[in-house]
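Chains, contacts and geometry: an overview
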Amino acid sequence: MAFNATLEIKNNIAQINLSGELDASTAQLFRNEVEAAATQNIKRLVLFMQDLKYLSSAGLRVLIFAKQKMGTAVDIYIVGAQEMVKDTIEHTGFHYSVAMLDEYDEAEIKHV
Amino acid sequence: MEPLKIPGNLNSLTEIKEYVRTAAKKAKLNGKACYKLVLAVDEIATNAINYGYADCIGDLYLYVYINQKSLIIIMEDSGVRFDPFKLDIPDFNQPLEERKIGGIGVYLAIHSVDKFIYKWVEKLNCNRNIFIMCRNQYNCSTIP
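So, a few notes on the structure that sits alongside this text. (Residues numbered from 1 in each chain as written. Chains lettered and ligands numbered in written order. Predicted model: local features only at pLDDT ≥ 70, side-chain atom pairs only at ≥ 80, totals over all residues.)

**With respect to the overall build of chain A**
A tally of regular secondary structure across chain A gives 4 helices and 5 strands. Going from the N terminus to the C terminus, chain A shows its helices and strands as β-β-α-β-α-β-α-β-α. Since a compact globule built from 112 residues should have a radius of gyration of about 13 Å, the 13 Å found for chain A is in line with a globular shape. Overall, the C-alpha framework of chain A stretches about 35 × 25 × 20 Å when taken along its three principal axes. Per-residue burial over chain A gives 39% buried out of 112 residues. Across chain A, every contact between residues at least 6 apart in sequence was considered, and the portion connecting residues at least 24 apart equals 72%. (Helix = DSSP H or I, 4+ residues; strand = E, 2+ residues; numbered from the N terminus. Rg over C-alpha atoms; globule rule 2.2 N^0.38 Å. Buried ≥ 20, exposed ≤ 12 C-beta atoms within 10 Å, placed from the backbone. Contact = placed C-beta atoms within 7 Å.)

As structure tokens, then:
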């Protein structure tokens, strides 16, 4: 299944929609969007993963890159990760550094 | 299943994953087991492509064996000799901003399958990675 990553920035929040399979052959597309987001003055990175069917360590590396590029002041949210994708994220301890949500409610997060 | 011989570059990953999925379907692995097996083979293949064949060109060879109890996938490459078990386990308690990049893929590969075996085959000058998943005939579902 083809991979796609699309970036949208609104109110200093970068939202990246991920779909398909994220592996070493497609990770650069994700990294490109993260790099584009990092050039903007963003306070939050939200990764929508409802349509992401597969995630390998190549995708996790981009998460590391995102955190290191954007700094600790930028919170990262992962929304709607499918079961096995979530399993990989939790198995490697990434869930300690990002917020995992089933759904994204911007108004609700502002008060967290 | 026929063995798969495929160029050792990242463009081959899709075909490698589909080959493994086909094998998993034949062995009637459930969805989770199939996913984990694909992940394991993908990670080791990626490692062989990115590091084993970093300075040379080569192929990957995949073989499938299915018996009553297990599905076995063997992947061989003639890149730089590399034993996945010799890599340090990453510190998963470290915050992302302090993490080193390496080691995650190999860790996932070894821990995603029921058994993982590595051998250096001297007479063929190749790395041989063996992935074994136990079959569970009584708890299988349609593989997506």
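**Re the overall build of chain B**
Each helix and strand counted, chain B has 3 helices and 5 strands in total. The 144 residues of chain B split such that 36% are buried. Long-range contacts, defined as pairs at least 24 residues apart, comprise 69% of the intrachain contacts of chain B with a sequence gap of at least 6.

**A few points about the sheet that holds strand β5 (residues 126–134) of chain B**
Residue and element names in this part refer to chain B. Sheet architecture is open: 5 strands sit in the order β1-β2-β3-β5-β4, paired in antiparallel fashion. One side of each edge strand has no neighbouring strand; the edge strands of this open sheet are β1 (4–7) and β4 (115–121). Taking the axes of each pair of neighbouring strands and ignoring which way they run, one obtains an average angle of 20° across the sheet. In the packing of helix α2 (residues 31–52) onto the sheet, contacts are made with β2 (59–66), β3 (70–77), β4 and β5, and the angle to β5 comes to roughly 170°. (Pairing = 2+ DSSP bridges. Axes fitted to C-alpha atoms, helices over the stretch in contact; angles between N-to-C directions.)

**What to know about the sheet that holds strand β2 (residues 13–22) of chain A**
All names here are of chain A. Ordered in space as β1-β2-β3-β4-β5, the 5 strands form an open sheet in which the pairing is mixed. Taken across any chain shown, the strands that pair with only one partner, and hence form the sheet edges, are β1 (4–10) and β5 (99–101). Strand-to-strand twist of the sheet, defined as the mean angle between neighbouring strand axes without regard to direction, takes the value 20°. In this structure, strand β4 (residues 75–79) lies alongside β5, joined through 3 bridges in parallel fashion. Across the sheet, residue I78 finds its bridge partner in β5, namely M100. With respect to the sheet, helix α2 (residues 57–70) is in contact with β2, β3 (44–55) and β4, its orientation differing from that of β3 by roughly 175°. Strand contacts of helix α3 (residues 83–91): β3, β4 and β5, with the helix running at about 120° to β3, the strand carrying the most contacts.

**A few points about the nonpolar core**
Grouped together as the largest cluster of nonpolar side chains are 67 residues, with contacts concentrated most on L18 and L22 of chain A together with V20, A24, L37, V41 and A45 of chain B. If you tally residues by element for this core, the top one is α2 of chain B, at 12 residues. Beyond its immediate chain neighbours, meaning those up to four positions away, L18 of chain A contacts A5, F30, L47, F48, M49 and L52 of chain A. (Core = buried A, V, L, I, M, F, W, Y, C linked by C-beta atoms within 7 Å.)

**Overview of unusual backbone geometry**
Residue and element names in this part refer to chain A. Residues other than glycine seldom take positive phi values, yet N11 does so here, at roughly 55°. Topologically, N11 is positioned in the loop between β1 and β2. Backbone geometry at N12 places phi at a positive 65°, although glycine is not the residue there. Along the polypeptide, N12 turns up in the loop between β1 and β2. Given 11 C-beta atoms within a 10 Å radius, N12 is considered exposed.

**What to know about the packing of helix α1 (residues 27–38) of chain A against α2 of chain A**
Residues and elements named next belong to chain A. Relative to each other, α1 and α2 sit at 15°, their axes nearing to 9 Å. Here α1 is positioned roughly parallel relative to α2, judged by the angle of their axes. Of the two elements, α1 crosses α2, and the hand of that crossing is right-handed. Every residue of α2 that contacts α1 at A27, F30, R31, V34 and A38 is listed here: A58, G59, R61, V62, F65, A66, K69 and M70. (Parallel < 35°, antiparallel > 145°, perpendicular 65-115°, else oblique. Left-handed = near helix turned anticlockwise from the far one by under 90°.)

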